[in-house]
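# Remarks on the overall topology
Residue-level listing of the chains:
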Amino acid sequence: MRKRLLIFIVLVCMMASMSACADFEGALTEESAENQEIGDYVEGVNKITIGDVNNDDKVDAIVIDNSVIFLISGEKVLQEFELDTSFEYKKVNAIVNDIDGDNQYEIIVMASIGGNAPIYCIYILDKMQNEEYFIREFPNELSTLATNSGIDAKVLPVDFLVYEINGDGFSFKIDVARSYGVSTLSEQDYYQLTESWEEILEEKLEGQIVGITRTEVVTNNQGKKVLRIYEMIYGADKKYIGALVFDIAFDANGEYQILDYGLFEHSVLMP
């Protein structure tokens, strides 16, 4: 009898635990920012604290809810920004830095629809003279299912395991042998790879710039503070082959200039 009672208690606890998890998930996905307490958002997912950017001695935060960014001070909503309604953002990250030399902090908001390797839309919140923020201009040449931010380029196969990355004002060639780990492949795998590339070259299939995966503020070789952007590149076979890297310099008038382009090559360790 005691054994049966113990089993029943364990089952009840398990069911209660499962129910609590379901309710928590519902609170995140079904309630909007209008009827949900700011504290209910999950730090590191759809909420990120950014320090005290408005000098009111309260911790400020960026909260994202579907296609709206909220700038929060303590528990008070300072401003909200309606974004592209094509996206329902699930994750947010942010960088606070003075990127244009005006002695005021800008907020670089990175919003993602989610996923294990998130692609970001970038929104830069800059402060006007009346202390309110506005969204400043940023390259938005890309338009995919995951993003509307970043610069575009052609990813063209030009030879066996060689791509040419062509964009406005830049061109690179990349040998992707290391990306496939060619020297580690078996004879059968290498044969399949050559067959696949014969089809790619014959059909003139193209790769794709997928979107922004990483953003950082750095000081370049000329001593200028820039926003460095990394965009994921997929080959014609949907394989990750590297990242297009570019530096953007902003000025206090709201203008930007792309100063430099580069390539980050993905590689598999090979002997």
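Residues numbered from 1 in each chain as written. Predicted model: local features only at pLDDT ≥ 70, side-chain atom pairs only at ≥ 80, totals over all residues. Heavy atoms only, no water.

Next up on the list: the overall build of the protein chain. The helix and strand inventory of the protein chain stands at three helices and 15 strands. Burial statistics for the protein chain: of 271 residues in total, 41% are counted as buried. When the accessible area of the protein chain is evaluated, it comes to approximately 15600 Å², of which 49% is carbon and sulfur surface. (Helix = DSSP H or I, 4+ residues; strand = E, 2+ residues; numbered from the N terminus. Buried < 20%, exposed > 50% of the residue type's maximum accessible area, 1.4 Å probe, protein only. Areas by Shrake-Rupley, 256 points an atom, 1.4 Å probe, with all protein chains shown as cover.)

On the secondary structure map, Gly211 appears in strand E12 (residues 208-219). A C-alpha to C-alpha distance of 7.2 Å links Gly211 and Leu142, two positions 69 residues apart in sequence. The contacts of Gly211, once residues within four sequence positions are left out, are Ile119, Leu142, Thr147, Tyr230, Glu231 and Met232. (Contact = heavy atoms within 4.5 Å.)

The biggest cluster of nonpolar side chains holds 35 residues, and the ones touching the most others in it are Phe138 and Tyr163. The leading source of residues in this core is strand E14 (residues 240-250), at five residues. Residues Ile48, Leu83, Phe87 and Leu125 belong to the second largest nonpolar core, which totals 20 residues. (Core = buried A, V, L, I, M, F, W, Y, C linked by side-chain atoms within 4.5 Å.)

This part is about the sheet that holds strand E1 (residues 47-51). The four strands are arranged E1-E2-E3-E4 in an open sheet whose pairing can be described as antiparallel. Where the open sheet ends on each side, the last strands, each with one partner, are E1 and strand E4 (76-82). Averaged over all pairs of adjacent strands, the angle between their axes in this sheet comes to 20°, without regard to strand direction. Examined bridge by bridge, strand E2 (residues 60-65) and strand E3 (residues 68-73) share six bridges and lie antiparallel to one another. Within E3, the residue paired with Asp60 across the bridge is Ser73. (Pairing = 2+ DSSP bridges. Axes fitted to C-alpha atoms, helices over the stretch in contact; angles between N-to-C directions.)

The tally for this structure, following the rule as stated, stands at seven salt bridges. Among the ionic pairs, Glu216 bridges to Arg214, the shortest N-O distance being 3.1 Å. Here the residues in one salt-bridge network are Asp100, Asp126 and Arg136, joined through shared partners. (Salt bridge = Lys/Arg side-chain N within 4 Å of Asp/Glu carboxyl O.)

We now examine the environment of His266. Its place among the elements puts His266 in the segment after strand E15 (256-265). When its relative accessible area of 22% is taken as the criterion, His266 is described as partly exposed. Considered as a pair, His266 and Gly242 are 24 residues apart in the sequence and their alpha carbons are 4.4 Å apart. Sequence-distant contacts of His266, defined by excluding residues within four places in its chain, comprise Arg178, Ser179, Tyr240, Ile241 and Gly242. Within the local environment of His266, its side chain forms a polar contact with the side chain of Ser179, the two groups lying 3.1 Å apart. (Polar contact = N/O pair within 3.5 Å; in protein donor to acceptor, adjacent residues only side chain to side chain.)

Taken by themselves, the reported measurements are silent on function.
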